[in-house]
Protein chains: 2
Amino acid sequence: MNIKEASEKTGVSSAAIRYYEKESLIPAIDRTPVGNRDIDDRIIRRIRFVTQMRAAGMSIENLRRYIQLFDAQEDNTKEQKALLQEQLGVMEEKRDDLQAAIDHLNYKLNHFYDHMESTEEELRALEREHADKVAKQDDTPEDESDHNF
Amino acid sequence: MNIKEASEKTGVSSAAIRYYEKESLIPAIDRTPVGNRDIDDRIIRRIRFVTQMRAAGMSIENLRRYIQLFDAQEDNTKEQKALLQEQLGVMEEKRDDLQAAIDHLNYKLNHFYDHMESTEEELRALEREHADKVAKQDDTPEDESDHNF
DNA sequence: TTACCCCTTGATGTGCACTTTAAGGCAAGG
DNA sequence: CCTTGCCTTAAAGTGCACATCAAGGGGTAA
């Protein structure tokens, strides 16, 4: 598979795939006799992994550190574990920040509807839609925050 | 309160506070007779709101659009609602991506321990620590992904 | 042969969200 | 009077993660 097909398959641009290779986020890719990249499914899976971790906010630098520990087949399990745990911590914090912001916006959204001229049907539909997210912290966020924002 | 104190109170640099004001993420700040910013608690709360939304991944541009709808005290409730819902969608998707990546790394972490020379005590401690996160999707992620990554 | 479409590398450009620098003003302390 | 320490604005610089461009090569089809 050439780089364009790989790009279409993964949704990652050709330039980004080359960039990832240069930055060692994916292993050195095999070349055809004329020097073109010949991309197989193993590379595709790694591109997808990189995409997932990038979407989750992991930096190129952290991702490279993490991946290099795997590519070097030495006994660095302890470091791998430490790196994983570190990254997990970062991501869990990020997730919680995100959840807090979501709760904040949901709170605002609910207060909107109190002042809106929407029909009862619309109101109940939206309440159903957001019921699960509001359930835990229903309508009472932190005291410190400016409820106008 | 001068800008330095506000910076210390919020953890946001003075330059960033000035930048936020210029970008209309916070309202025009009152000045002392000599032209220095005089920051009150209302501004502090807005800075904190901005910080929270930024941490959640909302762009400056989206944040400004959102805030301007509030600063203009017209009847734009519909647009406010639409913008809020749009942003909520973005953030929920982001949160889910993040959770997927966390699950992926937790899966890896668990498989590490199977091959590690750690003591039983360490193992059980870590399992307790991560029990809640693994509970829902215990040990069986998607088939498509490269389990070496 | 020309056109077209794919590819290569290396260099340079881009957008975001700030950070840093430059040049200067005001007020207090020694 | 001079230094210190806060402030101001405008402009330029920075780091990340790519995107785009320039200059060239290969393969196929009309």
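Preceding this section is the structure that the text describes.
Rules and cut-offs
Sequence order sets the numbering: in each chain, residues are counted from 1 along the sequence as written. All chains are assigned letters beginning with A, and all ligands numbers beginning with 1, in the order in which they are written. Per-residue local features are limited, in this predicted model, to residues with pLDDT of at least 70; the limit for side-chain atom pairs, both in listing and counting, is 80 or more; totals at the level of whole chains, interfaces and linings are taken over all residues. Side-chain figures throughout are based on the complete set of non-hydrogen atoms in the structure, without hydrogens or water. A fitted line through C-alpha atoms serves as each axis, taken over the contacting stretch for helices, and the angle formed by two N-to-C directions is quoted from 0 to 180°. Helix and strand definitions here come from DSSP, where helices need a minimum of 4 consecutive H or I residues and strands a minimum of 2 consecutive E residues; each element is numbered from the N-terminal end. The scheme is simple: roughly parallel for angles under 35 degrees, roughly antiparallel for over 145, roughly perpendicular for 65 to 115, oblique for anything else. Rotating anticlockwise by less than a right angle from the far helix to the near helix defines a left-handed crossing, while the corresponding clockwise rotation defines a right-handed one. A contact between two residues is defined here by any heavy atoms of the two lying within 4.5 Å. When residues are sorted by character, Ala, Val, Leu, Ile, Met, Phe, Trp, Tyr, Cys and Pro go into the nonpolar class, Asp, Glu, Lys and Arg into the charged class, and all the rest, Gly among them, into the polar class. Throughout, the term near means that a residue has one or more heavy atoms lying within 4 Å of the molecule or strand in question. Two N or O atoms count as a polar contact when they lie within 3.5 Å, although within protein this holds only if one can serve as hydrogen donor and the other as acceptor, and sequence-adjacent residues are included solely when both atoms are side-chain atoms. Only buried residues count toward a nonpolar core, which is a set of Ala, Val, Leu, Ile, Met, Phe, Trp, Tyr and Cys residues joined through side-chain atoms within 4.5 Å. Note on classification: 1.4 Å probe, protein chains only; a residue is buried when its accessible area is under 20% of the maximum for its type, exposed when over 50%, partly exposed between these limits. When a carboxyl oxygen of Asp or Glu is within 4 Å of a side-chain nitrogen of Lys or Arg, the pair counts as a salt bridge. The span expected for a helix works out to 1.5 Å for each residue beyond the first.

Peer 1: Can you tell me about the packing of helix α1 (residues 3-10) of chain A against helix α3 (residues 41-55) of chain A, naming the residues and giving the values?
Peer 2: Residue and element names in this part refer to chain A. Across the interface, α1 lies against α3 with an axial gap of 10 Å and an inter-helix angle of 45°. Taken together, α1 and α3 sit at an angle that is classed as oblique. In the crossing of α1 with α3, the sense of the turn from one axis to the other is right-handed. Counting all contacts with α1, which are made through Ala-6, Lys-9 and Thr-10, the residues of α3 involved are Asp-41, Ile-44, Ile-47 and Arg-48. The class makeup of the residues in the contact of α1 with α3 is 3 nonpolar, 1 polar and 3 charged.

Peer 1: Before we move on, could you go through the protein's contact with DNA strand D and cite the residues and values that matter?
Peer 2: Around DNA strand D, the surrounding shell holds 17 residues, and the nearest of these are Ser-13 and Arg-54 of chain A together with Lys-4, Arg-18 and Arg-37 of chain B. A share of 89% is what sugar and phosphate atoms reach among the atoms of DNA strand D within 4 Å of the protein. Take Tyr-20 of chain A: an N or O atom from its side chain is 3.1 Å from a phosphate oxygen of DNA strand D. Going through the elements one at a time, α2 (14-22) of chain A together with α1 (3-10) of chain B are the ones with two or more residues in the surface near DNA strand D. At 4 residues, the largest contribution of residues to the surface near DNA strand D is made by α2 of chain A.

Peer 1: Help me get a handle on the protein's contact with DNA strand C, residues and values and all.
Peer 2: Near DNA strand C lie 17 residues; those nearest to it are Lys-4, Arg-18 and Arg-37 of chain A together with Ser-13 and Arg-54 of chain B. Each atom of DNA strand C within 4 Å of the protein was classed as base or backbone; sugar and phosphate made up 86%. For DNA strand C, a phosphate oxygen lies 2.8 Å from a polar atom in the side chain of Arg-54 of chain B. Counting residues per element, the surface near DNA strand C draws most heavily on helix α2 (residues 14-22) of chain B, which supplies 4 residues. For the surface near DNA strand C, a count of residues per class yields 7 nonpolar, 5 polar and 5 charged.

Peer 1: Could you give me a rundown of the nonpolar core, with the residues and numbers involved?
Peer 2: Membership of the largest hydrophobic core comes to 66 residues, with the highest contact counts inside it found for Ile-17 of chain A together with Ile-17 of chain B. In this structure Ile-17 of chain B touches Ile-3, Ala-6, Ser-7, Thr-10, Val-12, Ile-26, Ile-29, Ile-39 and Ile-47 of chain B, once residues within four positions along its chain are discounted.

Peer 1: I'd love a proper account of the environment of Asn-2 of chain A, names of residues and values included.
Peer 2: Residues and elements named next belong to chain A. Topologically, Asn-2 is positioned in the segment before α1. By relative accessible area, which is 38% here, Asn-2 ends up partly exposed. Once residues lying within four places of it in the same chain are set aside, the contact partners of Asn-2 are Arg-37 and Ile-39. Of note is the side chain of Asn-2, whose polar atom sits 3.1 Å from the backbone nitrogen of Lys-4.

Peer 1: Tell me about the pattern of salt bridges, and name the residues and values.
Peer 2: All names here are of chain A. One pass over the full model with this rule turns up 14 salt bridges over all chains. Where Asp-41 meets Lys-9, a salt bridge forms, and the shortest distance between an N and an O atom there is 3.9 Å. With Asp-41 in helix α3 and Lys-9 in helix α1, the pair connects residues that are 32 residues apart, well separated along the chain. In this structure, a network of salt bridges that share partners links the residues Glu-21, Arg-31 and Arg-37.

Peer 1: Could you give an account of the environment of Arg-95 of chain A, naming the residues involved and the relevant values?
Peer 2: Relative to the helices and strands, Arg-95 of chain A resides in helix α5 (residues 77-114). Among the residues examined, Arg-95 of chain A registers a relative accessible area of 16% and is labelled buried. Distance from Arg-95 of chain A to Ala-56 of chain A, taken between C-alpha atoms, is 8.9 Å for residues 39 residues apart in sequence. Beyond its immediate sequence surroundings of up to four residues, Arg-95 of chain A is in contact with Arg-95, Leu-98, Gln-99 and Ile-102 of chain B.

Peer 1: An account of the environment of Gln-87 of chain A is needed here, citing residue identities and associated values.
Peer 2: Note on placement: Gln-87 of chain A falls in helix α5. For Gln-87 of chain A and Leu-63 of chain A, which are 24 residues apart along the polypeptide, the C-alpha to C-alpha distance reads 9.3 Å.

Peer 1: I'd like to hear about helix α3 (residues 41-55) of chain B, residue by residue, with values.
Peer 2: An α-helical turn contains 3.6 residues, so a residue and the one three or four places further along point in the same direction. Residues and elements named next belong to chain B. Taking 1.5 Å as the rise per residue, α3 with 15 residues should run 21 Å; its terminal C-alpha atoms sit 21 Å apart, in good agreement. Looking at α3, one finds that the buried residues are Ile-43, Ile-44, Arg-46, Ile-47, Phe-49, Val-50, Gln-52 and Met-53. Just downstream of α3 lies Gly-57, where phi reads positive at about 95°.

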